[in-house]
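Take a look at the letters that make up each chain.
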Amino acid sequence: MRVQAFMFYGCAVFFLATDVVYWLWSKDWTGTTAMALAVGLAGLIGFYIHFTVRRLESANGGPLYEDDPEGDIADAAGELGFFSPHSWWPLFLALSAALVTLGVVFGWWLVILGSAATIMTSIGLVFEYYRGHFSH
């Protein structure tokens with residue numbers, strides 16, 4: 001995964017160079033700001049991947065299977081993690097966030113109602129597998 005981190009670092013450097021050229025040619029604040037945000041986001045993702053790889057390598061005791069040039073596909077076999085089979089909570093969370101957005105347009109009372117719904121649906125999403133049929 002170290003290659004992916006350097007790919008994002010390369011994107012950040014490319015966006016930075018493009019941002020400087022864009023500013024020198026256009027003197028446009030909005031486009032320059034958007035490109036600066038792209039630099040920050042690419043650098044942030046690259047840093048996160050780089051940090052995660054270093055943490056996993058120290059826990060694994062060496063390079064990861066993806067970074068081993070002599071590694072086989074079967075070396076990385078095993079459990080990858082838990083993936084939710086289905087969930088209604090993301091839909092309810094999106095609807096409550098839309099309620100907050102509509103509240104900005106139609107009235108602040110709807111923002112308060114939507115914020116409460118967003119908090120409740122966030123809790124439902126996080127604790128979905130701690131109760132009920134799918135609890136472990």
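Fair warning: this is a prediction, and the values are worked out from it, not measured in the lab. (Residues numbered from 1 in each chain as written. Predicted model: local features only at pLDDT ≥ 70, side-chain atom pairs only at ≥ 80, totals over all residues. Heavy atoms only, no water.)

With respect to the overall build of the protein chain
Across its full length, the protein chain holds four helices and zero strands. In terms of principal-axis extent, the alpha carbons of the protein chain reach across some 55 × 55 × 20 Å. Looking at the 136 residues of the protein chain, the share that counts as buried comes to 18%. Long-range pairs, those at least 24 residues apart, make up 57% of the contacts in the protein chain with a sequence separation of at least 6. Accessible surface, the protein chain: about 10,500 Å² in total, of which carbon and sulfur atoms supply 73%. (Helix = DSSP H or I, 4+ residues; strand = E, 2+ residues; numbered from the N terminus. Buried < 20%, exposed > 50% of the residue type's maximum accessible area, 1.4 Å probe, protein only. Contact = heavy atoms within 4.5 Å. Areas by Shrake-Rupley, 256 points an atom, 1.4 Å probe, with all protein chains shown as cover.)

Structural notes on the side chain of Glu57
The topology assignment puts Glu57 in helix H2 (residues 29-60). Excluding anything up to four places from it in sequence, Glu57 contacts Arg2, Gly62, Pro63, Leu64 and Asp67.

Regarding the UniProt feature "transmembrane region" (unreviewed entry) in the protein chain
What UniProt calls "transmembrane region" (unreviewed entry) maps, in this numbering, to residues 6-25, 32-51 and 88-111. For residues 88-111, the end-to-end C-alpha separation is 22 Å, with 92% helix and 0% strand making up the annotated structure. (UniProt positions renumbered as here; feature names shortened; annotations may be inferred.)

Remarks on the side chain of Thr52
Mapped onto the fold, Thr52 is located in helix H2. With a relative accessible area of 9%, Thr52 lands in the buried category. Among the polar contacts listed, one links the side chain of Thr52 to the backbone oxygen of Tyr48, at a separation of 2.8 Å. (Polar contact = N/O pair within 3.5 Å; in protein donor to acceptor, adjacent residues only side chain to side chain.)

Considerations on unusual backbone geometry
Positioned with a positive phi, Lys27 is a non-glycine residue whose angle comes to about 55°. Tracing the sequence through the fold places Lys27 in the loop between helix H1 (2-26) and H2. Residue classification places Lys27 among the partly exposed residues on the basis of a relative accessible area of 48%.

Some points on helix H4 (residues 108-126)
Across its 19 residues, H4 extends 27 Å between first and last C-alpha, which sits within 8% of the 27 Å expected from 1.5 Å per residue. Listed as buried for H4 are Leu110, Val111, Gly114, Thr121 and Gly124. Projection of H4 onto a plane perpendicular to its axis shows the buried side chains occupying an angular sector of 145°, all on one side. H4 presents Trp108, Trp109, Ile112, Ile119, Met120 and Val126 as exposed residues on the side facing more than 90 degrees away from its buried surface. Packing partners of the buried residues in H4 comprise helix H3 (89-106). (Expected span 1.5 Å × (residues − 1). Arc of directions from axis to C-beta.)

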